[in-house]
Amino acid sequence: MSEAVLFYSMMGDSFPADQYIEDAFVALRPVELVPFADLVARREAPGRWFTLPQRIAALKAEILSHPGRRAVVVGRSSGGVAATQLAADVPGLISGIIVLGYPFKNPNRPDEPHRYQHLATLQTPTLIVQGQQDVYGTPTRLPQVTLSAAIRYEEIATNHEFTRPAPDWQAIGKLIDGFQAGL
């Protein structure tokens with residue numbers, strides 16, 4: 001990587017309850033990271049939750065405010081949807097995406113293809129680390145989900161929240177190292 005890399009955190013709908021995942025990532029990989037809390041604090045309507053389009057717009061604006069830096073987004077759940085949709089909409093803006101727990105299908109709703117259809121043609125290098133017990137599904141259990149060749153998909157023994165059983169963060173770190181080496 002010739003240009004300096006800046007990491008951006010995009011947490012899920014359960015933020016700040018899932019802050020521990022961002023913290024675990026930073027503990028594994030001491031990198032320069034724009035925390036999700038910073039994006040939340042800078043939005044126009046404080047006190048109201050981000051919709052998916054608002055998160056995409058906030059992430060895009062934040063990345064564009066750091067010219068000359070390569071952007072790698074660490075997405076958690078719906079934050080991963082925001083990151084991958086932005087990458088699909090604006091090719092070349094994001095250099096790589098790491099998603100911890102992609103929400104392919106909400107278990108309490110009918111199928112929502114907008115969550116995953118763009119993954120079939122995504123060109124941005126992406127690593128999805130998914131829990132084998134994730135209630136939001138896995139591509140092996142959801143035949144309608146197609147992943148492009150740019151996506152590396154790995155399953156680990158945990159749930160969607162990465163809590164039960166507690167994941168092997170060192171093993172996740174090795175997956176991330178291998179992925180980053182190819183960026």
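Read on for an overview of the structure.

About the criteria used
- Residues numbered from 1 in each chain as written.
- Predicted model: local features only at pLDDT ≥ 70, side-chain atom pairs only at ≥ 80, totals over all residues.
- Heavy atoms only, no water.
- Phe/Tyr/Trp six-rings, centres within 6.5 Å; stacked < 30°, edge-to-face > 60°.
- Helix = DSSP H or I, 4+ residues; strand = E, 2+ residues; numbered from the N terminus.
- Buried < 20%, exposed > 50% of the residue type's maximum accessible area, 1.4 Å probe, protein only.
- Core = buried A, V, L, I, M, F, W, Y, C linked by side-chain atoms within 4.5 Å.

Turning to the packing of aromatic side chains, a few remarks are in order. Counted by the stated rule, this structure contains four aromatic pairs. Taken together, a centroid distance of 5.9 Å and an interplanar angle of 50° make the contact between Phe7 and Phe25 tilted. Of this pair, Phe7 sits in strand E1 (residues 5-10) while Phe25 sits in helix H1 (residues 19-28), and the two are 18 residues apart along the sequence. Accessibility expressed as a relative area gives 4% for Phe7, which makes it buried. You can call Phe25 buried: its relative accessible area is 2%. Note on Phe162 and Trp169: the rings are 6.0 Å apart at their centroids and 35° apart in plane angle, and the pair reads as tilted.

So, about the nonpolar core. By size, the foremost hydrophobic cluster in this structure holds 34 residues, and its most contacted members are Tyr8, Phe36, Leu59, Ile63, Val73, Ile94 and Phe104. Among the elements that make up this core, the one with the highest residue count is helix H4 (residues 78-89) (five residues). Core analysis: the next-biggest nonpolar cluster, separate from the first, contains 18 residues, Val5, Phe25, Phe162 and Ile172 among them.

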